[in-house]
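# Analysis of the macromolecular model
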Amino acid sequence: MSEIVGGIFTSHVPGIGAAIAKGLQQDPYWKPFFDGFVPVHQFLEREKPDVAVVFYNDHGLNFFLDKMPTFAIGAAADYRHEDEGWGIGGFKPFVGHPALSWHIIEQVVGDEFDPVTCQSMLVDHGVCVPFELCWPDAKAWPVKLVPICINTVQHPLPSPKRALALGRSVGKALESWPGDEKIVVLGTGGLSHQLDGERAGHINVDYDKFCLRNIVADPEALTQHDTLDIVELAGSQGVEILNWLAARGALTGSVRELAHNYHVPISNTAAATLLVENHATVHA
Ligand code: DHB
Ligand code: FE
């Protein structure tokens, strides 16, 4: 049987990719952030997952404002990055897992979600930067990828409740997957940040701490705010917490936090990393 070994929640700021390319991990600005990945590396070394299911938002590389799916699930045999204009690139190609993707799609459509299914798809910094953070020394990515996109860009956005429910549906699919892979779930983006407009640079430490305190044990607590509340609280890109909520939903077993790190600021962002283990609960 397959096994959901845990979840990794992380910021995906493009500047992190540039810092990695320049080898700045020990630089005083970056060190407090990169140090948060030591327990993540130990966990991945110990668990050696085969597949990563990644909840993230596309920022205009694959979907632009003219065509913006609320939810989209990759079902391609491979994925690659393309220049997004951030001055980052050179990311290794990703091997997909079409059979698992379709199994997930069957489950979520059965649960009355209506995702766009993508048999070809580019993946942006929302996937590539977290992979670089998780597997910094890999010659080739050691996991297959199933990318799941949530619209956090163009309103109306899905509600936090809906994002959590999507994640739970994906988790059901992972539980019933007959393969024998070890699966790790990633949720990327956040925490509070706003890149543009009058409130550019907005960060809300209290709201971020509220999310970090509750997302493991009581994710429903995060659904008390609607997406416009979250824009108000966490900034217009702080709504990327939807990706974290969906990833949390996909961890269907008994979950326990192993480590977290919170550091302000990285670029314009309150940067956070959270590592969670998941043990399957036995169903009667
Ligand atoms: C930044 C953060 C993001 O989430 C993103 O997608 C792009 C840039 C930043 O803080 O620089
Ligand atoms: Fe982002």
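Refer to the structure presented above.
An account of the accompanying structure is given in this report. For every chain, the first residue of the written sequence is number 1, and numbering continues from 1 onward in sequence order. All chains are assigned letters beginning with A, and all ligands numbers beginning with 1, in the order in which they are written. Local features in this predicted model are restricted to residues of pLDDT 70 or higher, and side-chain atom pairs are both shown and tallied only at a pLDDT of 80 or more, whereas totals for entire chains, interfaces and linings draw on every residue. As a rule here, side-chain values cover all heavy atoms of the structure and leave hydrogens and water aside.

Another point: the site of ligand 1. Close to ligand 1 lie His-12, Val-13, Pro-14, His-59, Trp-86, His-125, His-193, Leu-195, Glu-240, Ser-267, Asn-268 and Thr-269. Between an oxygen atom of ligand 1 and a side-chain N or O atom of His-12, the distance comes to 3.1 Å. Think of a polar contact as two N or O atoms within 3.5 Å of one another; within protein, one of them needs to be a possible hydrogen donor and the other a possible acceptor, and neighboring residues in sequence only count if both atoms come from side chains. Separating an oxygen atom of ligand 1 from a side-chain N or O atom of His-193 is a distance of 2.8 Å. In the complex, 95% of the free accessible area of ligand 1, which totals 300 Å², lies under the protein chains. Residues belonging to the shell around ligand 1 are distributed by class as follows: 4 nonpolar, 7 polar and 1 charged. By convention in these notes, a residue is near a molecule or strand provided one of its non-hydrogen atoms lies within 4 Å of it. To be clear on the numbers: accessible area is Shrake-Rupley with a 1.4 Å probe, and residue cover counts the displayed protein chains and nothing else. In this count, Pro and Cys sit with the nonpolar residues alongside Ala, Val, Leu, Ile, Met, Phe, Trp and Tyr, while Asp, Glu, Lys and Arg are called charged and the others, Gly among them, polar.

Cis geometry marks the peptide bond from His-155 to Pro-156, where omega comes out at 5°. That bond from Val-264 to Pro-265 is cis: its omega, -15°, falls within 30 degrees of zero. Put simply, DSSP marks the helices as runs of H or I at least four residues long and the strands as runs of E at least two long, and each gets a number from the N terminus on. You can see Pro-265 is positioned in strand β9 (residues 254-266). Although it is not a glycine, Lys-48 sits at a positive phi angle of roughly 45°. Here Lys-48 is to be found in the loop between α3 (38-47) and β2 (51-56). For Ser-267, which is not a glycine, the phi torsion comes out positive at approximately 55°. Tracing the backbone shows Ser-267 in the loop between β9 and β10 (269-279). Think of it in three bands: residues with accessible area under 20% of the maximum for their type are buried, residues over 50% are exposed, and the middle band is partly exposed, with areas taken using a 1.4 Å probe on protein chains only. Judged by its relative accessible area of 41%, Ser-267 is partly exposed.

Turning to its location among the elements, Glu-277 is positioned in strand β10. Placed 48 residues apart in sequence, Glu-277 and Asp-229 show a C-alpha to C-alpha distance of 30 Å. Two residues qualify as a contact provided that any one of their heavy atoms is within 4.5 Å of a heavy atom in the partner residue. In this view, Glu-277 contacts Val-5, Gly-6, Phe-43, Ser-254, Val-255, Arg-256 and Leu-258; residues no more than four positions away in its chain are not counted. Separated by 3.5 Å, the side chains of Glu-277 and His-279 make a polar contact.

Moving on, we get to the environment of Ile-230. The topology assignment puts Ile-230 in helix α8 (residues 227-234). Residue Ile-230 is classed as buried on the basis of its relative accessible area, which comes to 1%. Residues Ile-230 and Asp-111, 119 residues apart in the sequence, show an inter-C-alpha distance of 26 Å. Residues in contact with Ile-230, not counting those within four places in the same chain, are Pro-160, Tyr-207, His-225, Gly-235, Gly-238, Val-239 and Ile-241.

Running from amino to carboxyl end, helix α1 (residues 14-21) crosses helix α5 (residues 125-134) at an angle of 40°, the nearest separation of the two axes being 9 Å. In terms of axis orientation, α1 runs oblique to α5. Here the hand of the crossing between α1 and α5 comes out left-handed. Taking contact as the criterion, the partners of Pro-14, Ile-16, Gly-17 and Ile-20 in α1 are, on α5, His-125, Val-129, Glu-132 and Leu-133. When its residues are assigned to classes, the contact of α1 with α5 shows 5 nonpolar, 2 polar and 1 charged. Inter-axis angles, ranging from 0 to 180 degrees, are taken between N-to-C directions of lines fitted to C-alpha atoms, where helices are fitted over the stretch in contact. Orientation is classified from the angle alone, with under 35 degrees giving roughly parallel, over 145 giving roughly antiparallel, 65 to 115 giving roughly perpendicular, and any other angle giving oblique. A crossing counts as left-handed when the near helix is turned anticlockwise from the far one by less than a right angle, and as right-handed when that turn is clockwise.

A separate point is a nonpolar patch on the surface. By definition, no residue in a patch forms a salt bridge, and every one has over 30% relative accessible area; like charges are joined within 9 Å, nonpolar side chains (Val, Leu, Ile, Met, Phe, Trp, Tyr) within 5 Å. Whenever Lys or Arg places a side-chain nitrogen within 4 Å of a carboxyl oxygen from Asp or Glu, that contact is recorded as a salt bridge. A cluster of nonpolar side chains, contributed by Phe-64, Leu-65 and Val-153, occupies part of the molecular surface with about 270 Å² of accessible area. By the element assignment, Leu-65 lies in the loop between β2 and β3 (71-74).

This part takes up helix α4 (residues 98-110). To estimate the expected span of a helix, subtract one from its residue number and multiply by 1.5 Å. Taking 1.5 Å of rise per residue, 13 residues should cover 18 Å, and α4 covers 18 Å from first to last C-alpha, within 8% of that figure. Where α4 is concerned, the buried positions are Leu-100, Ser-101, Ile-104, Ile-105, Gln-107 and Val-108. Looking straight down α4, one finds its buried side chains confined to an arc of 165°; they lie on one side. Exposed and facing more than 90 degrees away from the buried side of α4 are Glu-106 and Gly-110. Tucked inside the fold, the buried residues of α4 contact β2, β3, β4 (78-79), β6 (116-118), β7 (144-150) and α6 (160-176). Phi for Glu-112, located one or two positions after α4, is positive at around 75°. An arc is given here, and it is the one of the directions from the helix axis to the C-beta atoms.

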